[in-house]
Amino acid sequence: MPSEPHFSGPRWSPDGRAIGFLAAGEKEQALWSVDPQGRERAVLSGVMGFDWYRDSRQVVYTGKALDGSGVLEMRAADLESGAEGVLLRGPTAEVVVSRDGRGLAFLHASSHLNMQLQVLRLAPPAAPGELPRPVGQPQQLTRGESAFHVHNGGWSPDGKAILYTRDNDNGDIFILRRR
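Residues numbered from 1 in each chain as written. Predicted model: local features only at pLDDT ≥ 70, side-chain atom pairs only at ≥ 80, totals over all residues. Heavy atoms only, no water.

Undergrad: Honestly, the overall build of the protein in this entry has me stumped. Any pointers?
TA: Along its length, the protein carries 0 helices and 15 strands. A buried classification covers 44% of the 179 residues belonging to the protein. Across the protein, every contact between residues at least 6 apart in sequence was considered, and the portion connecting residues at least 24 apart equals 35%. Put simply, the protein shows about 9700 Å² of open surface, and 49% of that area lies on carbon and sulfur atoms. (Helix = DSSP H or I, 4+ residues; strand = E, 2+ residues; numbered from the N terminus. Buried < 20%, exposed > 50% of the residue type's maximum accessible area, 1.4 Å probe, protein only. Contact = heavy atoms within 4.5 Å. Areas by Shrake-Rupley, 256 points an atom, 1.4 Å probe, with all protein chains shown as cover.)

This is how it looks when you write it as structure tokens:
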């Protein structure tokens, strides 16, 4: 996976209390939050991509490992308490959380070519202040070779289907349904 940032556009939080977006921070790209009164603040540094987790308090994001190894990680973070937890180590991009918080669709690859769509099941927090936890290992949903790669479009409202594009110089839209 290239080391340059993966940008994601502004996103409303599921509860409508904030808009998150990526922009330059003091030292590196950061996740910023804007409340309904228009107050903005940098909430996390070193974020390459993100999605909200069920409300405006928690996010799932990708960034370089906090241990300084340079490895990419996908983490869950509580923006109010500052608590963070690693969900997965390895190259990830285009993170999208299901509305119920039980699934996380993302792309996995060592380069832009051959990106594959995967799903990581999550156990939602059992109590306030806790973070979601991974359940098992990611499941690879697409299998492509050479110049074939996908881009993650997101979950259906009921969490039973994932929309994505498959690209090899021209794109098509596909839907995977859970049985």
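Past the structure itself, the notes keep going.
Undergrad: Quick question: what am I supposed to make of the layout of surface pockets here?
TA: Unoccupied space between atoms shows up once a probe the size of one water molecule is rolled over them. Considered as a void within the structure, the largest pocket measures approximately 350 Å³ in volume. Looking at the largest pocket, it is lined by 17 residues, and the ones nearest its centre are D51, V96, V97, S98 and R99. The set of elements that each furnish at least two residues to the lining of the largest pocket consists of β1 (11–12), β5 (49–52), β9 (92–97) and β13 (149–155). For the lining of the largest pocket, the leading source of residues is β13, giving 3 residues. (1 Å grid on protein atoms, 1.4 Å probe; cavity = no way out; pocket = protein on both sides within 12 Å on 5 of 7 lines; lining within 4 Å. Points joined across faces, edges and corners; volume = space filled by probe spheres on them.)

Undergrad: What is the right way to look at the sheet that holds strand β7 (residues 72–78) in this model?
TA: The pairing of strands in a sheet comes from backbone hydrogen bonds and takes either a parallel or an antiparallel form. With antiparallel pairing, the 4 strands of this open sheet are ordered in space as β5-β6-β7-β8. Pairing within the sheet leaves two strands with one partner each, and these edge strands are β5 and β8 (84–89). If you compare each strand with its neighbour and ignore which way they point, the axes differ by 20° on average. Note that strand β6 (residues 58–64) and β7 share 7 bridges and pair antiparallel. Within the sheet, the bridge partner assigned to G63 lies in β7 and is E73. (Pairing = 2+ DSSP bridges. Axes fitted to C-alpha atoms, helices over the stretch in contact; angles between N-to-C directions.)

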